[in-house]
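# Fold and contact review
Read off the chains here:
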Amino acid sequence: MLNISTIIGCGAYLPERIVTNNELAARVDTTDEWIRERSGITQRHVAAENEQTSDLATKAARQALERADLSAEQLDCIVVATTTPDHTFPATAARIQANLGAIKAFAFDVQAVCSGFVYALAMADNFIRLGQAKNVLVIGAETMSRLLDWQDRGTCFLFGDGAGSVVLQASADSNKNQGILSTHLFSDGRHYDWLYTDNSLGGPQSRGTIHMQGREIFKSAVDKIGQAVEKALDHNQLKATDIDWFVPHQANARIIKGVCDRFSIPEEKMVVTIAEHANTSAASIPLALEKAVSDGRIQKGNLVLIEAMGGGLTWGSALIRW
Ligand code: UT7
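The structure presented is a predicted model; accordingly, all values stated were derived computationally and were not measured.

Looking only at helices and strands, one finds nine helices and 13 strands in the chain. A compact globule built from 322 residues should have a C-alpha radius of gyration of about 20 Å, and the chain, at 18 Å, falls within 12% of that. Dimensions of the chain, computed from C-alpha atoms along their principal axes, come out at roughly 60 × 45 × 40 Å. Counting every position in the chain, which comprises 322 residues, the buried fraction comes to 56%. Long-range pairs, those at least 24 residues apart, make up 76% of the contacts in the chain with a sequence separation of at least 6. When the accessible surface of the chain is totalled, it reaches about 13800 Å², and 48% of it is carbon and sulfur. Looking at the chain, you have 30 positive and 37 negative side-chain charges, and the mean spots of the two groups are 3 Å apart.

The next thing to look at is the sheet that holds strand S11 (residues 245–248). The four strands lie next to each other as S8-S13-S12-S11, forming an open sheet whose pairing is mixed. Only two strands of the sheet have a single partner each, and these edge strands are strand S8 (179–187) and S11. Strand after strand, the sheet turns through a mean of 10° between neighbouring axes, direction not considered. Here strand S12 (residues 303–310) pairs with strand S13 (residues 314–321) via eight bridges, running antiparallel. The partner of Ala308 across the bridge, within S13, is Gly316. On the sheet, helix H6 (residues 214–235) packs against S8, S12 and S13 and is oriented at approximately 35° with respect to S13.

Moving on: the nonpolar core. For soluble globular proteins, nonpolar side chains are generally found buried alongside one another. Ranked by size, the top nonpolar core spans 44 residues in total, and within it Leu233, Phe246 and Leu319 carry the most contacts. At the level of secondary structure, the elements contributing two or more residues to this core comprise S8, H6, helix H7 (253–263), S12 and S13. When residues of this core are assigned to their parent elements, the largest contribution, seven residues, is made by H6. Apart from the residues within four sequence positions on either side, Leu233 is in contact with Leu238, Lys239, Ala240, Ile243, Phe263 and Leu319. Ile7, Leu168, Val271 and Ile298 belong to the second largest nonpolar core, which has 37 residues in total.

The side chains of a regular strand alternate, first on one face of the sheet and then on the other. Looking at chain direction, strand S4 (residues 77–81) and strand S5 (residues 106–110) are connected through five bridges and run parallel. Its bridge partner being in S5, Val79 is matched across the sheet by Phe108. With respect to chirality, the unit in which S4 leads through helix H4 (residues 92–100) into the neighbouring parallel S5 is right-handed.

Moving on, we get to the sheet that holds S5. An order of S1-S7-S6-S4-S5 is seen for the five strands of this open sheet, with the pairing classed as mixed. Lying at the two open borders of the sheet, with one neighbouring strand each, are strand S1 (3–13) and S5. Between one strand axis and the next, the sheet turns by 20° as a mean value, whatever way the strands run. As judged from the nine bridges shared by strand S6 (residues 135–143) and strand S7 (residues 161–172), these two strands associate in the antiparallel manner. Across the sheet, Ala141 pairs through a bridge with Ala163, a residue of S7. Lying on the sheet, helix H5 (residues 116–129) is in contact with S1, S4, S5, S6 and S7; it crosses S7 at an angle near 20°.

This paragraph deals with the packing of aromatic side chains. Counted under the stated rule, the structure contains five aromatic pairs. Seen from their ring centres, Trp34 and Phe157 are 5.4 Å apart, and the 90° between their planes marks the pair as edge-to-face. A residue pair is termed long-range when its members are at least 10 positions apart, and Trp34 in helix H2 (residues 32–39) and Phe157 in the loop between S6 and S7 qualify at 123 residues. Take Trp34: its relative accessible area is 35%, and that puts it in the partly exposed class. Here Phe157 falls in the buried class, since its relative accessible area comes to 6%. What links up through ring pairs into an aromatic cluster is the set Phe106, Phe108 and Phe127. The ring of Trp315 has Lys224 lying over it, and the distance from NZ or CZ to the ring centre is 5.0 Å.

So, how was this worked out
In this numbering scheme, every chain counts its residues from 1 along its sequence in written order. With pLDDT at 70 or above as the cut-off, local features in this predicted model cover only qualifying residues; side-chain atom pairs require 80 or more to be listed or tallied, and sums for whole chains, interfaces and linings still use all residues. The side-chain values count all of the structure's non-hydrogen atoms but skip hydrogen atoms and water molecules. Only DSSP runs of H or I reaching four residues or more are called helices, and only runs of E reaching two or more are called strands; each is numbered from the N terminus. Computation of the radius of gyration draws on C-alpha atoms alone. For the globule rule, the value is 2.2 Å times the number of residues to the power 0.38. Exposure is judged per residue with a 1.4 Å probe applied to protein chains only, and the accessible area is read against the type maximum: over 50% gives exposed, under 20% gives buried, and values in between give partly exposed. Contacts were defined at the residue level, with two residues in contact if any of their heavy atoms lie within 4.5 Å. Note on areas: Shrake-Rupley, 1.4 Å probe, and residue coverage restricted to the protein chains presented here. In this count, Lys and Arg are taken as positive residues and Asp and Glu as negative ones, while His and the chain termini are left out. Just so you know, the charge point we use is NZ for Lys, CZ for Arg, CG for Asp and CD for Glu. Strands qualify as paired when DSSP identifies two bridges or more between them. Orientation is described by axes fitted as lines to C-alpha atoms, over the contacting stretch for helices, and by angles from 0 to 180 degrees between their N-to-C directions. What makes a nonpolar core is a set of buried Ala, Val, Leu, Ile, Met, Phe, Trp, Tyr and Cys residues whose side-chain atoms join them at distances within 4.5 Å. With strands facing away from the observer, any crossover in which the path from the first strand over the helix to the second runs clockwise is taken as right-handed. Under the pairing criterion, centres of Phe, Tyr and Trp rings, with the six-membered ring standing for Trp, must be within 6.5 Å; the plane angle then separates stacked pairs below 30 degrees from edge-to-face pairs above 60, leaving the rest tilted. Definition used: whenever NZ (Lys) or CZ (Arg) falls within 6 Å of the ring centre and also within 35 degrees of the ring normal, the charge is taken to sit over that ring.

Okay, here's the thing in structure tokens:
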């Protein structure tokens, strides 16, 4: 018998330091007004010099475990979505495992840039469905600030640092209309150069900085995300009007609005954190989920749609009955 995965706890952590648009405008040729209008961003959190991705992730994970009422030793698996690992190897997940004392878990990283959390959730869900794991910690954690050229006005305003986490638990498949209903993943490597860092293996041992063809990504975003959302709804024989909460990857407020308009999802069902967090890549969805759960918006039984698109290109969606 197959299992289903339910989310039993969410956690979040944002670094203390906040950089406002006005602070950025003092360094590069931009304005608060331009950034707000084009992206919806007003500020971003930036990790301290001695804070690594694993530090942010560990804090988010501890909160999720506490809320799930689960000890780290009860974890069977840790999946970390990150594009900013502490080191090239080992996996940042290994460090988080040690920090938590999750000695019975296997732990690894997933790299799908901004879609990383959807990819990680899909893998975790599959481990649970097949009975390979009962309790799985899924984390999206990023220190995107380390990949930014702070003199490049086209990219430096867009990204932020943070970590979000969920605990998944297996339960018997007695009620199919519960937990993670479906995940759908997509990639198109022909657009590799739309969003990339300018380092390469064999090249200088630095992480490189972000280069982005923002307009290209922007133009295809609503179509690609729309495809993933349609798949999710069709697969479950559901309609957009069935969705209680839409928790998208937070890349640009205009992209989020475009997706909502396409599916006639009303604004009050959108969970939007981009103004305060900016684009935290793989961390943006679990950060938004945590916010909407802790402020009481997402309730048991609600139908929650998540989606993301990012470098690769990669994109995907998941439908969750909370
Ligand atoms: O998670 C996936 C990762 N990335 C994304 O999803 C990003 C998707 N793309 C976007 O969100 C948008 O393309 C941006 C917000 C990045 C840019 O908005 P846009 O409306 O596409 O602007 P644009 O790149 O077409 O630039 C318009 C103008 C340009 O000037 P000209 O060529 O029209 O004279 C830019 O040079 O705005 C200029 N510009 C700026 N002006 C003030 C670019 N960056 C800035 C800036 N401040 N920071």
